[in-house]
Amino acid sequence: MTHECFADEIDIDFPSVGRAVEKIRDAFLGERMEGEGGPVLHADVSLSPREASGGLVISVEVPVRTTCPNCGGRGETWTEPCGLCRGTGESRFHHAVWVPVPAGVADGARLRFRLRSPDASFVRVEVRIAIRSSAA
């Protein structure tokens, strides 16, 4: 069951907060929240055999959506579309996430996690590990 209260006002006046309002509405009314079935961001990491056997912490850049700082999520400035977000009300920035790689990780291993920003839905990330040959 979807709830349509204030849906048109949110979409017209503040398009970037639509997801947040949907989550609040679903949480308040006791329905299951969305965000688990979204797209998965993939990152490939190449490790030396020494790094793989000893383990390490790597940095992965994850694109995260946030409210446009120029228009505040309206998608426009006065009567003109916002030039920064092109009318969407959202902007993206790359957030560095530190991911621990366990010692003894195998070639082809996949590390999966979810990241959530305060005003966006979950971002699912999968890091694929490739171990370089010792000759490389």
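Quantities reported herein were computed from a predicted structural model and do not represent experimental measurements. (Residues numbered from 1 in each chain as written. Predicted model: local features only at pLDDT ≥ 70, side-chain atom pairs only at ≥ 80, totals over all residues. Heavy atoms only, no water.)

Chemist: An account of the overall build of the protein is requested, with residue identities and associated values reported.
Modeler: Counting its secondary structure elements, the protein contains three helices and seven strands. N-terminal to C-terminal, the α/β element order of the protein is α-α-β-α-β-β-β-β-β-β. Going through the 136 residues of the protein one by one, you find that 29% of them count as buried. Looking at the protein alone, contacts between residues at least 24 apart form 63% of all its contacts between residues at least 6 apart. When the accessible surface of the protein is summed, it comes to about 9,000 Å², and 56% of that surface belongs to carbon and sulfur atoms. (Helix = DSSP H or I, 4+ residues; strand = E, 2+ residues; numbered from the N terminus. Buried < 20%, exposed > 50% of the residue type's maximum accessible area, 1.4 Å probe, protein only. Contact = heavy atoms within 4.5 Å. Areas by Shrake-Rupley, 256 points an atom, 1.4 Å probe, with all protein chains shown as cover.)

Chemist: Give me the pattern of salt bridges: which residues, what numbers.
Modeler: Throughout the structure, instances matching the rule amount to five salt bridges. Among the ionic pairs, Asp44 bridges to Arg128, the shortest N-O distance being 2.8 Å. Within this pair, whereas Asp44 is found in strand 1 (residues 40-47), its partner Arg128 is found in strand 7 (residues 122-131), the two being separated by 84 residues in sequence. The shortest N-O distance in the salt bridge between Arg74 and Glu76 comes to 3.1 Å. A residue is classified by how much of its surface remains accessible, and Arg74, at 33% relative accessible area, is partly exposed. Judged by its relative accessible area of 30%, Glu76 is partly exposed. (Salt bridge = Lys/Arg side-chain N within 4 Å of Asp/Glu carboxyl O.)

Chemist: Could you give an account of the sheet that holds strand 6 (residues 110-116), naming the residues involved and the relevant values?
Modeler: Here we have three strands laid out as an open sheet, ordered 1-7-6, and mixed in their pairing. Of all strands in the sheet, those bounded by a partner on one side alone are strand 1 and strand 6. Going from strand to strand, the sheet's axes swing by 25° on average, the running direction of each strand aside. The pairing of strand 6 with strand 7 spans seven bridges and is classified as antiparallel. Across the sheet, Arg112 pairs through a bridge with Glu126, a residue of strand 7. (Pairing = 2+ DSSP bridges. Axes fitted to C-alpha atoms, helices over the stretch in contact; angles between N-to-C directions.)

Chemist: Please set out unusual backbone geometry residue by residue, giving values where relevant.
Modeler: The backbone phi angle of Arg86 is positive, close to 60°, even though this residue is not glycine. With respect to the helices and strands, Arg86 occurs in the loop between strand 4 (80-81) and strand 5 (90-101).

Chemist: Just give me the short version of the nonpolar core, but keep the residues and values in it.
Modeler: Membership of the largest hydrophobic core comes to 18 residues, with the highest contact counts inside it found for Ile58, Val60, Val62, Val101, Val127 and Ile129. Only strand 1, strand 2 (56-67), strand 5, strand 6 and strand 7 provide two or more residues apiece to this core. Ignoring anything within four residues of it in the chain, the contact list for Val101 reads Leu47, Gly55, Leu56, Ile58, Leu111 and Ile129. (Core = buried A, V, L, I, M, F, W, Y, C linked by side-chain atoms within 4.5 Å.)

Chemist: How would you summarise the side chain of Ser91 if you had to cite specific residues and measurements?
Modeler: Residue position: Ser91 is located in strand 5. In this structure, Ser91 is in contact with Val64, Arg65, Thr66, Thr67, Cys68 and Pro69, ignoring residues within four places of it in sequence.

Chemist: Can you lay out the side chain of Glu126 for me, pointing to particular residues and giving the numbers?
Modeler: When you line up the elements, Glu126 lands in strand 7. According to the relative accessible area criterion, Glu126 is buried, its value standing at 6%. Only 3.3 Å separates the side chain of Glu126 from the side chain of His42, close enough to count as a polar contact. Among the polar contacts listed, one links the side chain of Glu126 to the side chain of Arg112, at a separation of 2.8 Å. In contact with Glu126, not counting residues within four places along its chain, are Val40, Leu41, His42, Ala43, Arg110, Leu111 and Arg112. (Polar contact = N/O pair within 3.5 Å; in protein donor to acceptor, adjacent residues only side chain to side chain.)

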